[in-house]
Amino acid sequence: MTKVLFFTDIMKLHKALAFFSLRSYAGKKVPVKLHMGEKGNSYFVKPELVKHVVDELKKADINPFLFDTTVAYHGARHTKEEYENLAKFHGFTLKNIGCDVVIGDSGVLTTVEGRTFEVAHHLKNSTHIFALSHVKGHIQSGMGGAIKNFGMGGVTKETKIKIHDGSYPVYHKDACTYCGVCAEVCPFQAIKVNEESWEYTEQGCFGCSVCVDACPSKALQNQDADLQFLLACSAKACVQDKTVLYLNELKRIVKGCDCDPNAGPIICPDIGYLVSNDPVAIDKASLDLINKVKENVFEEINKIDLMKQIRYGEEIGLGSSSYELIEV
Ligand code: SF4
Ligand code: SF4
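Just so it is clear, the structure is predicted and the values come from calculations on it, not from any experiment.

Enquirer: Quick question: what am I supposed to make of the overall build of the chain here?
Expert: Per the secondary structure count, the chain includes 13 helices and 18 strands. Against the compact-globule benchmark of 20 Å for 328 residues, the chain has a radius of gyration of 20 Å, which places it among compact chains. Principal axes of the C-alpha set define a box for the chain whose edges measure 65 × 40 × 35 Å. Scored against the burial criterion, the 328 residues of the chain give a buried share of 58%. Restricting to contacts in the chain with at least 6 residues of sequence separation, those with at least 24 account for 74%. Carbon together with sulfur atoms contributes 50% to the accessible area of the chain, which is approximately 13900 Å² in total.

Listed below in structure tokens is the structure:
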């Protein structure tokens, strides 16, 4: 069964990593895939933790570099230059961390489940990767952890847009009974239903699929597929055939993602850290630990079935939801 190591003191990272052989990583340039925070957000992984991870990797004769990709929306991480400046502002510098900081803006087409995803060159060209994911809520996927770190964070802007667009609802008038269920469940009031009219505002829609799942008449379908499915496929495109170790940080657990300047408030007390070599197992373990402390906290806030991400990940062979939790 997949091992997931749990610890509350970061000084135990060394002990946790010892459960997974780092021998094959030795001598290699290894991207540490992480999110270095949107402008205005203060919950992303902190440089102190990142430095600790980098130091630990260096002790194993690994040559790490921090890596993330540009984003599709026009914020402070839209271009390489903008993201490099913001990363520096947030403390991610060669001087502070002790390794290079690289932002990717191009990729290589990779096929998973009959769809193509443009995986960032630096990930595609690496045989070994270290993933550092801050676990928090997310308005579209319910929770962001290791799967989301790669599913959205490991691909180019073009693929990010394709994933978002692919999950938007398509309306089939003939099947609609104007029951109003979709309008009731939409967390963003993007749908209005009256006696014989159905209105939808694409600008207000986040492609969360809640309406598609709730429609009793199958009058709504995703343009391509459920966002969670597309994220799992995209994550698989990034990590398949590679050796990857995952560290999830369960601290500063807020309702929104690290891309959101208004991600707060904190909705669950700090829990600790998890390490595994399986992205599905580590996200499932993260969810289970959070549910133990604050049951269904993400579902209540973001109204999204979090198990979809886990189930899809398992279905497409990204990983396993069965795990053995070992406390170190
Ligand atoms: S839930 Fe389905 S059937 Fe009901 S109003 Fe919405 S689209 Fe129409
Ligand atoms: S996909 Fe989500 S945000 Fe968009 S209309 Fe449906 S429920 Fe609302």
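Enquirer: Sorry if this is basic, but what is going on with the site of ligand 2 here?
Expert: In the vicinity of ligand 2 there are 14 residues, among which Cys 186, Cys 205, Phe 206, Cys 208 and Cys 211 approach most closely. Partitioning the shell around ligand 2 into residue classes produces 12 nonpolar, two polar and no charged.

Enquirer: Explain the nonpolar core to me, please; I cannot follow it from the model alone.
Expert: A general tendency of soluble globular proteins is for nonpolar side chains to be buried together. Phe 150, Ile 290 and Phe 298 are the most contacted members of the largest nonpolar core, which totals 53 residues. Per-element tally for this core: the top contributor is helix 10 (residues 227–239), with 10 residues. Not counting residues up to four positions away in its chain, the partners in contact with Ile 290 are Val 135, Leu 250, Ile 253, Cys 268, Ile 271, Glu 295, Val 297 and Phe 298. In terms of nonpolar packing, the next biggest core, distinct from the first, is built from 36 residues, Ile 10, Leu 49, Leu 66 and Ile 97 among them.

Enquirer: Would you mind going over the environment of Asp 9 with me for this structure?
Expert: If you trace the backbone, Asp 9 turns up in the loop between strand 1 (2–7) and helix 1 (13–17). It is 13 Å that separates the C-alpha atoms of Asp 9 and Val 275, two residues lying 266 residues apart in sequence. In terms of polar contacts, Asp 9 uses its side chain to reach the backbone amide nitrogen of Met 11, at 2.9 Å.

Enquirer: Explain the sheet that holds strand 14 (residues 243–250) to me, please; I cannot follow it from the model alone.
Expert: In any sheet, the strands associate via hydrogen bonds between backbone groups, in a parallel or an antiparallel arrangement. Judged by pairing direction, the sheet is mixed, and its eight strands sit side by side in the order 4-3-2-7-14-17-1-18 without closing on themselves. Of all the strands in the sheet, just strand 4 (101–104) and strand 18 (323–327) have a single pairing partner and so form its edges. Strand after strand, the sheet turns through a mean of 25° between neighbouring axes, direction not considered. In terms of strand pairing, strand 2 (residues 29–33) meets strand 3 (residues 63–69) through five bridges, oriented parallel. In the strand pairing of strand 3, Lys 33 is matched with Phe 67. Docked against the sheet, helix 3 (residues 80–89) engages strand 3 and strand 4, running at close to 150° with respect to strand 4.

Enquirer: Looking at this structure, how should I read the side chain of Ser 126?
Expert: You can see Ser 126 is positioned in the loop between helix 5 (121–124) and strand 7 (128–134). What makes Ser 126 buried here is its relative accessible area of 8%. Here the side chain of Ser 126 touches His 122 through a polar contact of 2.6 Å, landing on its backbone oxygen. When residues no more than four places from it in sequence are discounted, the contact partners of Ser 126 are Pro 31 and Lys 242.

Enquirer: When you look at helix 13 (residues 307–315) in this model, what are you seeing that I'm missing?
Expert: It helps to recall that an α-helix has 3.6 residues per turn; residues three or four apart then point in one direction. Among all positions of helix 13, only Lys 308, Gln 309, Ile 310 and Gly 313 are buried. Where the residues of helix 13 are buried, they touch strand 9 (142–144), helix 6 (146–151), helix 9 (210–214), helix 10 and helix 11 (279–293). Just downstream of helix 13, Gly 317 is the residue with a positive phi angle, here 80°.

Enquirer: So what exactly am I meant to see when it comes to the pattern of salt bridges here?
Expert: Counting across every chain of the model gives 13 salt bridges. Taking the shortest distance from any N to any O, the salt bridge between Lys 33 and Asp 68 comes out at 2.8 Å. Residue Lys 33 is located in strand 2, and its partner Asp 68 is located in strand 3; the two are separated by 35 residues in the primary sequence. Of the charged contacts in the structure, one is a salt bridge between Arg 115 and Asp 224, with a shortest N-O distance of 2.9 Å.

Enquirer: Looking at this model, I keep getting lost on the pairing of strand 11 (residues 191–194). Mind explaining?
Expert: A regular strand places its side chains so that they alternate between the two faces of the sheet. Here strand 11 shows one buried face, formed by Ile 191 and Val 193, and one open face, formed by Lys 192 and Asn 194. Bridge count between strand 11 and strand 12 (residues 197–200): four bridges; the pairing is antiparallel. Considered in strand 12, the bridge of Lys 192 is made with Glu 199. The hairpin turn running from strand 11 into strand 12, its antiparallel successor, is two residues long.

What counts, and where the lines are drawn
- Residues numbered from 1 in each chain as written.
- Chains lettered and ligands numbered in written order.
- Predicted model: local features only at pLDDT ≥ 70, side-chain atom pairs only at ≥ 80, totals over all residues.
- Heavy atoms only, no water.
- Helix = DSSP H or I, 4+ residues; strand = E, 2+ residues; numbered from the N terminus.
- Rg over C-alpha atoms; globule rule 2.2 N^0.38 Å.
- Buried < 20%, exposed > 50% of the residue type's maximum accessible area, 1.4 Å probe, protein only.
- Contact = heavy atoms within 4.5 Å.
- Areas by Shrake-Rupley, 256 points an atom, 1.4 Å probe, with all protein chains shown as cover.
- Near = heavy atom within 4 Å.
- Nonpolar A, V, L, I, M, F, W, Y, C, P; charged D, E, K, R; others polar.
- Core = buried A, V, L, I, M, F, W, Y, C linked by side-chain atoms within 4.5 Å.
- Polar contact = N/O pair within 3.5 Å; in protein donor to acceptor, adjacent residues only side chain to side chain.
- Pairing = 2+ DSSP bridges.
- Axes fitted to C-alpha atoms, helices over the stretch in contact; angles between N-to-C directions.
- Salt bridge = Lys/Arg side-chain N within 4 Å of Asp/Glu carboxyl O.

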